[in-house]
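Examining the three-dimensional arrangement
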Amino acid sequence: MSLFRQIWLAVIASTVIAFAGSFLASMLTARHYLEQQLAIKNNDNAASLALSISQLEKDPITIELQVAAIFDSGQYAVVRLTDPNGRTMIEKTSPPLAGNVPDWFVRIFPIASAPGQAQISNGWNQFATIELISHSHFAYQELWRGAFKLLGWFAVAGALMGLLGMQLLRRIKRPLDAVVGQAQAISERRFITMPEPAIPELKSVAGAMNTMVDRLKAMFAEEAARLEHVRREANLDALTGLANRAYFMNQLASALSDDDAAPHGTLLMLRLADLAGINRRAGREAADDLLRRIGGAFAGIAGAHPNAAAARLNGADFALIVPGTQDAAPLAEKLLRLLNDLVAAGLIDSERIGHIASGTYLHGQSAGSLLSRVDTALAAAENQSGLAWQQADSQSDQQATSNADWKKLLDGAIHAQRLRLIEFPVAGNAGQLLHLECPLRLKASDDGEWLTAGSFMPMASRLAMTAELDLAAARLALERIAAGASAVAVNLSGESIVDTAFRARLLALIGSRKELAPRLWLEVSEVGAFQHFAAFQAFCDALRPLGCRLGIEHFGRQFSEIGRLHGMGLDYLKVDGSFIRAIDSQSGNQAFLKGLCSIAHNIGLTVIAEGVHTPEELATLPELGFDGATGPAVPRN
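Residues numbered from 1 in each chain as written. Predicted model: local features only at pLDDT ≥ 70, side-chain atom pairs only at ≥ 80, totals over all residues. Heavy atoms only, no water.

**Overview of the overall build of the protein chain**
The helix and strand tally for the protein chain stands at 20 helices and 20 strands. Once the C-alpha set of the protein chain is aligned to its principal axes, its extents read approximately 165 × 60 × 45 Å. In the protein chain, the share of contacts with a sequence separation of at least 24, taken over all contacts with a separation of at least 6, comes to 69%. When the accessible surface of the protein chain is split by element, carbon and sulfur atoms take 55% of a total near 30700 Å². On the protein chain, the mean spot of the 56 positive side-chain charges and the mean spot of the 64 negative ones are 3 Å from each other. (Helix = DSSP H or I, 4+ residues; strand = E, 2+ residues; numbered from the N terminus. Contact = heavy atoms within 4.5 Å. Areas by Shrake-Rupley, 256 points an atom, 1.4 Å probe, with all protein chains shown as cover. Lys, Arg positive; Asp, Glu negative; His and termini not counted. Charge placed at Lys NZ, Arg CZ, Asp CG, Glu CD.)

**Observations concerning the sheet that holds strand β10 (residues 419-421)**
Sheet strands pair by backbone hydrogen bonding; their relative direction is either parallel or antiparallel. Taken in spatial order, the 3 strands of this open sheet run β10-β13-β14, and their pairing is antiparallel. Strand pairing shows two members of the sheet lacking a second neighbour, β10 and β14 (450-451), which therefore form its edges. Looking at chain direction, strand β13 (residues 440-443) and β14 are connected through 2 bridges and run antiparallel. What sits directly across from Lys-443, in β14, is Trp-450. Packing of helix α12 (residues 453-462) onto the sheet brings it into contact with β13 and β14, and relative to β13 it is tilted by some 85°. Contacts from helix α13 (residues 466-482) reach β10 and β13, with the element oriented near 50° to β10. (Pairing = 2+ DSSP bridges. Axes fitted to C-alpha atoms, helices over the stretch in contact; angles between N-to-C directions.)

**What about helix α20 (residues 615-624)?**
Looking only at α20, the buried set comprises Glu-617, Thr-620, Leu-621 and Leu-624. Seen from one end, α20 has its buried residues packed into an arc of 115°, which puts them on one side. For α20, exposure combined with an orientation more than 90 degrees from the buried face picks out Pro-615, Ala-619 and Glu-623. Packed against the buried residues of α20 are α18 (577-580), α19 (587-602), β19 (606-609) and β20 (628-629). Positive phi shows up at Gly-625, right after α20, with a value of about 105°. (Buried < 20%, exposed > 50% of the residue type's maximum accessible area, 1.4 Å probe, protein only. Arc of directions from axis to C-beta.)

**Topic: the environment of Pro-95**
Within the fold, Pro-95 resides in the loop between β2 (88-93) and α3 (103-108). Separated by 467 residues in sequence, Pro-95 and Ile-562 place their C-alpha atoms 91 Å apart.

**As for the packing of aromatic side chains**
In this structure the tally under the stated criterion is 15 aromatic pairs. For the ring pair Trp-104 and Trp-144, a centre distance of 5.8 Å and an interplane angle of 75° mean the geometry is edge-to-face. Of the two residues, Trp-104 sits in helix α3 while Trp-144 sits in helix α4 (residues 137-187), which places them 40 residues apart along the sequence. Relative accessible area serves as the criterion here: at 17%, Trp-144 is assigned to the buried category. Plain terms: the ring middles of Phe-105 and Phe-109 are 5.2 Å apart, the flat faces sit at 50° to each other, and that makes the pair tilted. (Phe/Tyr/Trp six-rings, centres within 6.5 Å; stacked < 30°, edge-to-face > 60°.)

**Description of the packing of helix α15 (residues 500-511) against helix α17 (residues 533-543)**
Two elements in contact, α15 and α17, have axes separated by 11 Å at closest approach and are oriented at 20°. As far as their axial angle goes, α17 and α15 are roughly parallel. Of the two elements, α15 crosses α17, and the hand of that crossing is right-handed. On α17, the residues touching Arg-503, Leu-506, Leu-507 and Ile-510 of α15 are Ala-535, Ala-538, Phe-539, Ala-542 and Leu-543. Here the contact of α15 with α17 is composed, by residue class, of 8 nonpolar, no polar and 1 charged. (Parallel < 35°, antiparallel > 145°, perpendicular 65-115°, else oblique. Left-handed = near helix turned anticlockwise from the far one by under 90°. Nonpolar A, V, L, I, M, F, W, Y, C, P; charged D, E, K, R; others polar.)

**Here's the deal with the state of the cysteines**
Applying the stated criterion across every chain, the model contains 0 disulfides. The thiol of Cys-548 is not disulfide-bonded; the next cysteine sulfur, from Cys-540, is found 11 Å away. Owing to a relative accessible area of 5%, Cys-548 belongs among the buried residues under this scheme. (Disulfide = S-S within 2.5 Å.)

**Observations concerning the sheet that holds strand β7 (residues 317-323)**
Strand order in the open sheet formed by 5 strands is β6-β7-β5-β8-β9, and the pairing between neighbours is mixed. Looking at which strands have only one partner, the edges of the open sheet turn out to be β6 (309-312) and β9 (388-391). On average, adjacent strands in this sheet sit at an angle of 15° to one another, irrespective of strand direction. As judged from the 4 bridges shared by β6 and β7, these two strands associate in the antiparallel manner. Paired with Arg-312 across the two strands is Phe-318, which belongs to β7.

**Overview of the pattern of salt bridges**
In the structure shown here, the tally under the stated rule is 22 salt bridges. When the shortest N-O distance is used, the salt bridge between Glu-91 and Arg-80 registers 2.8 Å. Of this pair, Glu-91 sits in strand β2 while Arg-80 sits in strand β1 (residues 76-82); the two residues are 11 residues apart in sequence, bridging distant segments of the chain. The salt bridge involving Glu-131 is made with Arg-80; its shortest N-O contact spans 3.1 Å. Of this pair, Glu-131 sits in strand β4 (residues 125-134) while Arg-80 sits in strand β1, and the two are 51 residues apart along the sequence. (Salt bridge = Lys/Arg side-chain N within 4 Å of Asp/Glu carboxyl O.)

**Here's the deal with the pairing of β6**
Of the two faces of β6, the one carrying Ala-309 and Ala-311 and the one carrying Ala-310 and Arg-312 are both buried. Hairpin geometry of β6 and β7 is characterised by an intervening segment of 4 residues between the two adjacent antiparallel strands.

**Things to note about the environment of Arg-231**
Inspection of the secondary structure assignment puts Arg-231 in helix α5 (residues 200-235). Residue classification places Arg-231 among the buried residues on the basis of a relative accessible area of 5%. It is 8.7 Å that separates the C-alpha atoms of Arg-231 and Phe-559, two residues lying 328 residues apart in sequence. If we skip the residues at most four places from it in the chain, Arg-231 touches Leu-236, Gly-556, Arg-557, Phe-559, Phe-579 and Phe-592. Of the polar contacts made by the side chain of Arg-231, one reaches the side chain of Glu-228; its length is 2.8 Å. (Polar contact = N/O pair within 3.5 Å; in protein donor to acceptor, adjacent residues only side chain to side chain.)

So, to be careful, I would describe these as geometric facts and stop short of saying anything about function.
Structure below.
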């Protein structure tokens, strides 16, 4: 039984006990008072009748008329006249009456009417004794009316006490509910704090739990900071903060092969011409400052383009991959201006500055072929005098499409429902199916090819059309679940979850088929979740009561933000494939991912690896703490 109900029962029981005690005391007191009044009345009336008869002639007819007169008034149950020897001379009786008072009330509260007696004289001699016993039905009726009045008063007082008690209990229950909610959140490994209530007993409990939560958060923050350091050591260049060669190659492979990657993009490389000479002439600190400036420029360009990645491949070589972009000229011009500024600052010899090369690629192209073409272009640039940018021969036949054309294409596909989901298995360590990962596909025309999400979602994002596509994906996922799928996961874009109208429509869509919601997995990319964190939290708060599974995909690049996920109530993380590639041979990433899994498990998250390509990678994952995996190496059952 809940504490709230127990308190309510205690209030009700105390009210009933108070009423019962007061009612009984009041009834007994009133009954005693009425009995006394009846006794006084009987004695007074007996004395009055005796005096009246004493003054009359003592013939039997006159006396009987006097007795009959008082008896016929209906107030007496017994009128008896006895002679000095105790013989009854006249006796008139009537049955006891209780009026409209219930018998049970009469039995519980009997009223005794004490007889009144007086002596009738005849001159100086005693003539007779008269005895009067009044009817008690008037007393019963008065006692019954008093009981009703008392009951009415207690009903009103009880209602007022109930309202007052309800307000008091609500006041107590609010902080109590907050304490219970915090305890439940902790049991679900969501570490939230609460305002301390004013009630001293609850304040101490809430304070202790808040202290525990703060300590746990501090522990997680320390562990997250340590693992972030491990991640940076394993994947980033210590001087510039850019990706190192191994990590960049993983990112490049993902951009070329991942199913949801953009269909085309640009790879750009920069090589400083005489880094060793700069070291000799200007010193190591000046050379390091030069490299940091170049690294900052690359990081700035990468940050301005979604899913772009920048790296320092070795001492003098820098690389930049920009998915979805074919025109490298603006990027190359920024880097050329940077190099000219460095010359003007005296950090680079104007005779030997550096060289830039770029090349476009198509999804599915091999990394080796792309690097070979760009390296050839870089060699051609090195053969030119001065600062040069060389573009590699393009193998892309991608045609530029205007925004208007894309809008028409997307509107047509949505209106004609030329949308579908394809499926990839996400399996647990024992080979069991966790869910089907179902990315969206779109057909530009009835006889066209099915386009991957990487082909149309960037343009949909630019045209603010992601909401309709994400709603279509959720609708198709529910239909697939209704058709028998055990669980289906779909990706939602960060731009969609910011839209309150989209959240309301998605909530209504899932709410209309609530029985399917527990088998629906909804995930948002790491970039979208942290870029729109408040909207993502509101999205999770709205969807969680329906029973959907909520998660973040492509996780890992912003690992330092994991502390913000404590109170989100998420269910799973999907770790970005760039950390998974060749994980069987990369000890640095193994340490990072093992710690990531440990922290995620401590806050109740399932951890799934994305983009697993080889059996060796798949076999390594359970040792690191992963709960499941998806990718080409995961067999389809």
